[in-house]
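# Examining the three-dimensional arrangement
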Amino acid sequence: STKDDLSREWLSWPFIDTGASSSVAGLKQYQQYLRSAIVPSSARTLTVSSRRFRFGSTSMMSLGTALIRMQCTAITASTDGPCEPLLFEFSIDIVDLNVPILMGLDILSVIKATVDVSAGKIRTPTLEADVVARQGHILVLPDHGIVLFSEREILHLRKKLLIHPQ
């Protein structure tokens, strides 16, 4: 595919771009993220936000904030086998504009994240996730169909299914 085709395709992917100053996502990209990741209904609800964003000469009001989850692993001193997958969750404003999910410096600085492009990792003091570099962007590309429930949410769901079998 051409560079332009790839760029258009990227805008529909649920990726996390780590180069923005503020964290924000387009509504279409957020909806694509929800279709590609299995998240609980509590993580699918927008909460009220009064933030405004500027994209070039366009000023855009937030539609609300949403929770975005990405799979990561714990950084441990032990190398005895694979680490259990964990979830990193952050709140992001959603706008009615065609922009990718941007994980901005407002989040990255708070969580003390570093990006190591050569190792293909984004790291906090306790967590890490895989990243790829594409056309000047650092991207976290989640697996499609990945289940992004916390252990507590899975246990709660399991308990509900055992109490109320269909």
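Since we're looking at a predicted model, the values are computed, not measured. (Residues numbered from 1 in each chain as written. Predicted model: local features only at pLDDT ≥ 70, side-chain atom pairs only at ≥ 80, totals over all residues. Heavy atoms only, no water.)

### Examining the overall build of the chain
When you go through the chain residue by residue, the secondary structure sums to four helices and 14 strands. In the chain, which comprises 166 residues, the share counted as buried stands at 36%. By element, 56% of the accessible surface of the chain is carried by carbon and sulfur atoms, the whole surface being about 10100 Å². (Helix = DSSP H or I, 4+ residues; strand = E, 2+ residues; numbered from the N terminus. Buried < 20%, exposed > 50% of the residue type's maximum accessible area, 1.4 Å probe, protein only. Areas by Shrake-Rupley, 256 points an atom, 1.4 Å probe, with all protein chains shown as cover.)

### Side note on the confidence of the model for the chain
For the chain, per-residue confidence averages 76 on the pLDDT scale, and 67% of positions sit at 70 or higher. The secondary structure element of the chain with the lowest average pLDDT is helix 1 (residues 3-12), at 50, and the one with the highest is strand 2 (residues 24-26), at 92. Across residues 1-6 the pLDDT falls below 50, and counting only partners more than four positions away or on other chains, this stretch makes four contacts in the model. (pLDDT = per-residue confidence, 0-100. Contact = heavy atoms within 4.5 Å.)

### A look at unusual backbone geometry
Glycine aside, residues mostly have negative phi, and peptide bonds are mostly found in the trans state. Backbone geometry places Lys112, a non-glycine residue, at a positive phi of 55°. In this structure, Lys112 sits in the loop between helix 3 (105-110) and strand 9 (114-116). Judged by its relative accessible area of 59%, Lys112 is exposed.

### Considerations on the nonpolar core
Tyr33, Met70, Phe88 and Phe90 are the most contacted members of the largest nonpolar core, which has 25 residues in total. Where this core is concerned, the elements lending two or more residues are helix 2 (27-36), strand 6 (64-74), strand 7 (85-95), helix 3, strand 11 (127-130) and strand 13 (137-140). Formed by seven residues, the second largest nonpolar core is a distinct cluster that contains Ala20, Met60, Val95 and Leu102. (Core = buried A, V, L, I, M, F, W, Y, C linked by side-chain atoms within 4.5 Å.)

### Overview of the packing of aromatic side chains
Geometrically, a pair of aromatic rings is defined through the distance of the ring centres and the angle of the planes. Using the criterion set out here, one finds two aromatic pairs in the structure. With 6.3 Å between their ring centres and 25° between their planes, Tyr30 and Tyr33 make a pair best called stacked. Of this pair, Tyr30 and Tyr33 both sit in helix 2, three residues apart, roughly one helical turn. Side by side, Tyr30 and Tyr33 carry an identical accessibility label, which is buried. (Phe/Tyr/Trp six-rings, centres within 6.5 Å; stacked < 30°, edge-to-face > 60°.)

### Some remarks on the pattern of salt bridges
Pairs may arise between side chains of opposite charge once their charged atoms sit close together. Under the definition given, this model contains six salt bridges. One salt-bridge network, in which partners are shared between bridges, spans Asp116, Lys121, Arg123, Glu128 and Asp130. (Salt bridge = Lys/Arg side-chain N within 4 Å of Asp/Glu carboxyl O.)

### Quick look at the pairing of strand 11
Two faces belong to every sheet, and in a regular strand the side chains alternate between them. Both strand 6 and strand 11 contribute to a ladder of two bridges, which runs antiparallel. The partner of Thr73 across the bridge, within strand 11, is Glu128. Looking at chain direction, strand 10 (residues 121-123) and strand 11 are connected through three bridges and run antiparallel. The residue of strand 11 that forms the bridge with Arg123 is Glu128. (Pairing = 2+ DSSP bridges.)

### Some remarks on the side chain of Glu128
Inspection of the secondary structure puts Glu128 in strand 11. Note on Glu128: relative accessible area 17%, which makes it buried. At 3.0 Å, the side chain of Glu128 forms a polar contact with the side chain of Arg123. Not counting the four nearest positions on each side in its chain, Glu128 is found in contact with Cys72, Thr73, Ile75, Lys121, Ile122 and Arg123. (Polar contact = N/O pair within 3.5 Å; in protein donor to acceptor, adjacent residues only side chain to side chain.)

### Topic: the environment of Lys28
Considering the arrangement of structural elements, one finds Lys28 in helix 2. Judged by its relative accessible area of 59%, Lys28 falls in the exposed class. Taking C-alpha positions, Lys28 is 9.4 Å from Ile94, a pair spaced 66 residues apart along the chain.

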